[in-house]
Amino acid sequence: MSSHHIVREKQEPALYIHDLGEFNEEYLGQLLEWSPTLIVNATLYEKIVSLGLKVDIVVNAADQEFVQENTKVIPAKGEALDEVLDYLIKEKYSAVNVIDTKAKLRELGSYIDEINIVIFTATEKAYAIKSGFSVWKPKGSVFHIEVLSYFETSNLKQDENGDFVVINDGFVTFDFNNSYLFISEKL
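In short, a report on the structure. These numbers come from a predicted model, not from an experiment.

Rules and cut-offs
Residues numbered from 1 in each chain as written. Predicted model: local features only at pLDDT ≥ 70, side-chain atom pairs only at ≥ 80, totals over all residues. Heavy atoms only, no water. Buried < 20%, exposed > 50% of the residue type's maximum accessible area, 1.4 Å probe, protein only. Helix = DSSP H or I, 4+ residues; strand = E, 2+ residues; numbered from the N terminus. Pairing = 2+ DSSP bridges. Axes fitted to C-alpha atoms, helices over the stretch in contact; angles between N-to-C directions. Core = buried A, V, L, I, M, F, W, Y, C linked by side-chain atoms within 4.5 Å. Contact = heavy atoms within 4.5 Å.

### So, the pairing of strand 6 (residues 116-120)
Stage number 1. In terms of residue burial, strand 6 counts as a mostly covered element, since four of its five residues are buried.
Stage number 2. Bridge count between strand 5 (residues 95-99) and strand 6: five bridges; the pairing is parallel. Bridged to I99 within strand 6 is F120.

In structure tokens:
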């Protein structure tokens, strides 16, 4: 018996591969499971195509030839990531997953009201949350939280490294007065 999923265009987060680094190919497969719009930095185009993936959009391409048909190009006048986010917002995408070697979420603060951004590195998943955010996690899950102001949480304790560890299987809730809190989870 097979199941068929109908995925409407732009319903799934787009995937932008800025820098693959040591990113786990199994995680990459999970991010590609629902066939998102795949955007890659031009420096990674050949590698991504060699993995057998269909690239929809290339950013920062300088007179490059593309092997695949129907590949769009986003010319980058500035930071490639900024160009990709501007493009996705203009095209009415609601979310994007970004693969990079560093989770520089704070630098993307001006985009957070317009598009949900999750940054994946080889070791973590980083994102911004609003007050009242709640998520179920098993005991022992670890969050790194950029503590810039006071916040309250349930079911977490801070360890000696400054990370926050889930006390019991169950929901973790965050309450605070700022617009956002930047958190990351270990993969």
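### A look at the sheet that holds strand 13 (residues 170-176)
Stage number 1. Strand order in the open sheet made by the three strands is 8-13-10, with antiparallel pairing throughout. Two strands close off the open sheet at either side, each with one partner strand: strand 8 (134-137) and strand 10 (151-154). Taking each pair of neighbouring strands and ignoring which way they run, the sheet shows an average axis angle of 20°.
Stage number 2. Two elements, strand 10 and strand 13, share four bridges in a ladder whose sense is antiparallel. Across the sheet, the residue bridging to S154 is T173, located in strand 13.

### A word on the sheet that holds strand 2 (residues 38-41)
Stage number 1. The 11 strands are arranged 4-3-2-1-5-6-7-14-9-12-11 in an open sheet whose pairing can be described as mixed. At either margin of the open sheet sits one strand with a lone partner, and together these are strand 4 (72-74) and strand 11 (156-158). Going across the sheet, the axis of each strand differs from the next one's by a mean of 25°, ignoring polarity.
Stage number 2. Where strand 11 meets strand 12 (residues 164-166), three bridges bridge the pair, whose relative direction is antiparallel. Looking at the pairing, Q158 lines up with F164 of strand 12.

### Describing the nonpolar core
Stage number 1. Membership of the largest hydrophobic core comes to 33 residues, with the highest contact counts inside it found for I17, L38, I48, I99, F143, I145 and F174.
Stage number 2. Per-element accounting of this core gives the leading share, three residues, to strand 13.
Stage number 3. With residues up to four places along the chain from it excluded, the contact list for I145 reads F151, L156, F164, F174, L181, F182 and I183.
Stage number 4. Ranked by size, the runner-up nonpolar core spans 25 residues in total, among them V84, Y87, V96 and I112.

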